[in-house]
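Inside the fold
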Amino acid sequence: MPVGIFRVCLVVITAIVNHPLLFPKENGTVPENTEEIIQKMKEREESLRLEQLRLEQEIAEQEATQKTLEKAAEVVEESKEEKVRWDMWTALSMVIFLLIELWRQDFQEGIGQDTGGEEDDMAVLGKAFKGVAFPDKAVLASFYEKRILGTTGDMARMREMVEGFADDLLEALRSVCNRDADMEVEDCMGVGSMYENWRVRKPFVCDLIVPFAPPEPYCFRSQTWCSGDSFPPDEQGYGTIKVCRADEDVTGCICDKTKLGEDMLCLLHSQANTTRPSSEMEDLLCFKNTQYLDADQVMKWFQIAVTKAWNRISHKYEFDLSFSLLDSPGALKIKFKSGKSIAFNLTPVVQYENSDVYFISHFPRSSLAADLPSGTHWFLTFAVYERRFIQLVSKTLPANACHVSCLQILSFLHGKQCSLTGPSGLTNYHLKTVMLHLLQARPSQDWAPEKLEARLQDMLKFLEKCLHEKKLYHFFIGNGKVPAELGFPIIFQRAEPLNLFRPFVLRRDVYRKTVDTFHEMLRNMSALINEYTVHIPLAQTNGIHKESL
C-alpha cells in the first residue's frame, strides 16, 4: 500500500516537472504563439482606434449640421420679424405720403400754382444763384434798350404784312372750295409771342389760327379729357372731335351707345341717319371707319386747299409761297426776289363749343413733348385767353411795367444758351407760364419799371423751384382765380391742374439736360448780357446802386 502511494506521488511530481508552462524557456513553440497573439491584439487595437475616430467624426458632423439648422431657423425667424417691421414702415410711409399729398392739394385748391409772394420763400429757393453775378439795374436797362426795343418796329410791320396776305389767301381758299362739300373756313386770328409783343429772337414767325367748320347739315361735337370720361394720364390736355348731323342728338338717345339687335329699330333715328357710308365720313376728314375728325386728313386737305388758293392769286404778288415744314400743315414761307424771306404759321383749328378755346391740329413740338396718342386726338390751345389775360392785367399795372421786359430777357437768355449747348426741355411757353403765375400772385405795384431786376430774379427762382419739383402747372387749367371778365369756361377751372413738367418724370435724360442748361444759363448770364450792352461808366453804376439802397 505505501509502495503504491509512493508510485502515484512520483508520477504526479514527474508530470508537474515536465509541464511546458512551468519552464517556458525550454519550450520552442511558446514564443511563436505569443507574438501572433500580440500582433492580433495590436491589429484589434488599431481597428478600434479607427472606429473611434470615425465615430468622433460622425458625431462632429452631426453637431455641425445641427448648428447650421439652428442658425438657419434663427435667420428665417429674423427675416420674418424684419418683413413684418418693413411692411409696417411701408404702410406708415404710404399713409404719411397720402396725408402730405392731400394737404398739398387742399393748399393749392383754387390757387393753381401760387408763389406766395414772400421774399423769404424766394430766398430759400435760390440755391443755384450762389456765386452767380447777377446784372444790375443799369446793365439790364441798357441791354433791354439796345437789344430788344430796336426790334419792336420790325415786329409791327411784319404783323401787318402777314395779316393782310393771310386774309387775301383765305378769301381765295373759300372761292376754290366747294361750299356744299368742303369745310367752311373762318377768319384767322393772331396768337403767340408776336401778338403779345414779347418775341425777341429772329427769325420772327407770326402764328395765325384758322377756325373751320363742317358743311351743312353736319356739326362738330367735341369731348375733352375733363368732360367726365376717363382719359389716361398721357392724354390729359387732349380731346376728340366727332362729326355728327346737326339734327342728331347724341346725348339724348341710347341707340348709339347700345346694341338694339337686328329686329329692333330706334323710333327717333332712322337707319339711313345712323348708318353712313365709309366714303362719306372720309370726305368729312374723319379717321377710317369712324366719325372722329382726323388731324392728318385735315392737314392734307388744308395743304391742298392753300396750294389751290395760292395758284389763283399768285399773279398779284412778286414773291413765291411754299410750305417750309412737311409735318406742319400751315408752316408757310414767303420768298422775295431779293433773297429775303418771311415765315408764318397758318394752322387750322376747331372751336370748343362757344368759347375761345380751340382744338389745334398740329402744335409746335419740343424735345419734351410726346407724340400725339393718335390722329383723332387734338391738343387744346388757350392762346386767345392768354393774350386777353395779359391785356387785362396790363391795364392795372404801372406805366411801362416790367412784366413783358422780364419775359423778353429770360427768353433771350434761354435761346442764347440753347444755341451754345443744344436744345433743352424748356420752351418759351413754359417761360410765359411762369410770368402768368407771377402776374397773378404779385401786387400790381411790384411790376413798376424800376423793379425789373427783382422781378427777373423772381422769375428765375420760380423756374428753378418748378424744375426742382418737376411741376409747372398750366395757368388756366385748374385755376379757380381766373378773372371772370375773360369768360373762361368753368369746366377747365374745375379740372385737375395740368402739370406741364410731367414728361420730366418719364424722361430723366431730357430732365438732366434741361437742368444743366438752366444752371449754365445762370452762370453765363452776365456774359450774355454784357455782349449786347453798351459800356456804362462805373461811377454811374455805383450811383444807381446807392439810389436803390
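Residues numbered from 1 in each chain as written. Predicted model: local features only at pLDDT ≥ 70, side-chain atom pairs only at ≥ 80, totals over all residues. Heavy atoms only, no water.

Note the threshold: UniProt positions are given in the numbering used here, feature names are shortened, and annotations may be inferred rather than shown by experiment.
As recorded in an unreviewed UniProt entry, the protein chain goes by the name Inositol 1,4,5-trisphosphate receptor-interacting protein, listed as coming from Ibidorhyncha struthersii. Per its UniProt entry, the protein chain bears the Function (unreviewed entry) comment "Enhances Ca(2+)-mediated inhibition of inositol 1,4,5-triphosphate receptor (ITPR) Ca(2+) release." Looking at the Sequence similarities (unreviewed entry) heading of the UniProt record, one finds this comment for the protein chain: "Belongs to the ITPRIP family."

1. What about the packing of helix α12 (residues 428-441) against helix α13 (residues 452-469)?
Counted only if it meets this: In this description, a line fitted to the C-alpha atoms serves as the axis of each element, helices being fitted only across the stretch in contact, and the angle between N-to-C directions of two axes falls anywhere from 0 to 180 degrees. Secondary structure elements are taken from DSSP: a helix is a run of H or I of four residues or more, a strand is a run of E of two residues or more, and numbering for both begins at the N terminus. Any angle between 65 and 115 degrees counts as roughly perpendicular, while under 35 counts as roughly parallel, over 145 as roughly antiparallel, and the rest as oblique. Left-handed describes a crossing in which the near helix is turned anticlockwise from the far one by less than a right angle; the clockwise case is right-handed. Only heavy atoms enter the contact rule, under which two residues are in contact if any of them lie within 4.5 Å. Note on residue classes: Ala, Val, Leu, Ile, Met, Phe, Trp, Tyr, Cys and Pro are nonpolar, Asp, Glu, Lys and Arg are charged, and everything else, Gly too, is polar.
Following both chains from N to C, one finds α12 and α13 inclined at 110°, their axes separated by 10 Å at the closest point. In terms of orientation, α12 lies roughly perpendicular with respect to α13. For the pair α12 and α13, the crossing hand works out as right-handed. Along its contact with α12, which presents Leu431, Val434, Met435, His437 and Leu438, the element α13 presents Asp458, Met459, Phe462 and Leu463. Its residues assigned to classes, the contact of α12 with α13 comprises seven nonpolar, one polar and one charged.

2. Let's talk about the nonpolar core
The test is simple: Here the nonpolar core consists of buried residues drawn from Ala, Val, Leu, Ile, Met, Phe, Trp, Tyr and Cys, with membership extended through side-chain atoms lying within 4.5 Å. When accessible area is computed with a 1.4 Å probe and restricted to protein chains, residues below 20% of their type maximum are described as buried, those above 50% as exposed, and intermediate ones as partly exposed.
Judged by nonpolar contacts, the single largest core of 113 residues is most densely connected at Leu169, Leu293, Phe344 and Leu346. In this structure Phe344 touches Val162, Phe165, Val205, Cys206, Leu208, Leu321, Gly330, Ala331, Leu332 and Ile334, once residues within four positions along its chain are discounted. Listed in part, the seven residues of the second largest apolar core include Val191, Val349, Tyr358 and Val384.

3. Focus on a nonpolar patch on the surface
Using the following cut-off: Exposure above 30% relative accessible area and the absence of a salt bridge qualify a residue for a patch, where like charges join within 9 Å and nonpolar side chains (Val, Leu, Ile, Met, Phe, Trp, Tyr) within 5 Å. For the area figures, the Shrake-Rupley method with a 1.4 Å probe applies, and any residue is considered shielded solely by the protein chains shown. Only one rule defines a salt bridge in this text: a Lys or Arg side-chain nitrogen within 4 Å of an Asp or Glu carboxyl oxygen.
A contiguous nonpolar patch, built from Met88, Trp89, Leu92, Ile96 and Ile100 and spanning about 530 Å² of accessible area, is present on the exposed surface. Inspection of the secondary structure puts Ile96 in helix α2 (residues 30-108). For Ile96, a relative accessible area of 42% corresponds to the partly exposed category.

4. Re the state of the cysteines
In protein chemistry, a disulfide is the covalent bond that joins the sulfur atoms of two cysteines. The condition that has to hold: Pairs of cysteine sulfur atoms within 2.5 Å are what we label disulfides.
Taken as a whole, this structure holds zero disulfides when the rule is applied. A disulfide-free cysteine, Cys219 has its sulfur positioned 5.8 Å from the sulfur of Cys244, the nearest such atom.

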